Structure formats: structure tokens, C-alpha cells
Amino acid sequence: MKHQTGGPLRGPEDMLALAESLAARYAPSRGPSVLHRLPRWAHNLLWALGGAGAVGVLWLTWAV
């Protein structure tokens, strides 16, 4: 359903069509994310660094 731009909204159908066209501009892309495009070794390295950082933060909170 396509709303004619510049014209008045005459009913719920026009409002739905306009909302649909506005939402289509800001919908997330369906392509692969950045993490999926990384090589497997880089993906594993990021997981290891994140785990080490989480353990470090927990250790610091318990040490203080």
C-alpha cells in the first residue's frame, strides 16, 4: 500500500501506509553483522578478551 506524498491522510489505511514507509527507512539491515564477517580466530580472540575483562572486573569488585 503506497501513500500519496503531500496529500492529506484520509483514514487509517493512509496512516498505516505512511507508517510502513517511514519504518522501512529505519529497519535493521538483513546482512551479516560485523562479528559474522570476522575470521574465526578473531572471533575467538574477542570472546577470550571479553571473558578476561569480565573476570578482571569481578576480581576488582571483590578485592575492594
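All figures in this text were calculated on a predicted structure; none of them were measured in a lab.

A. How the structure looks around the overall build of the chain. Secondary structure assignment for the chain yields three helices and zero strands. Counted from the first residue to the last, the chain has its helices and strands arranged as α-α-α. Accessible surface, the chain as shown: approximately 6100 Å² in total, 68% of it carbon and sulfur.

B. Molecular detail of a nonpolar patch on the surface. On the surface, Leu38, Trp41, Leu45, Leu46 and Leu49 cluster together into a nonpolar patch covering about 530 Å² of accessible area. Among the residues examined, Trp41 registers a relative accessible area of 63% and is labelled exposed.

C. Local environment of the confidence of the model for the chain. On average, residues of the chain score 80 in pLDDT, and 80% of them reach the 70 mark or higher. For the chain, helix α2 (residues 34-37) is the element with the lowest average pLDDT, namely 72, and helix α3 (residues 40-63) is the one with the highest, namely 92.

Conventions we followed
- Residues numbered from 1 in each chain as written.
- Predicted model: local features only at pLDDT ≥ 70, side-chain atom pairs only at ≥ 80, totals over all residues.
- Heavy atoms only, no water.
- Helix = DSSP H or I, 4+ residues; strand = E, 2+ residues; numbered from the N terminus.
- Areas by Shrake-Rupley, 256 points an atom, 1.4 Å probe, with all protein chains shown as cover.
- Patch = residues over 30% accessible without salt bridge, like charges linked within 9 Å, V, L, I, M, F, W, Y side chains within 5 Å.
- Salt bridge = Lys/Arg side-chain N within 4 Å of Asp/Glu carboxyl O.
- Buried < 20%, exposed > 50% of the residue type's maximum accessible area, 1.4 Å probe, protein only.
- pLDDT = per-residue confidence, 0-100.

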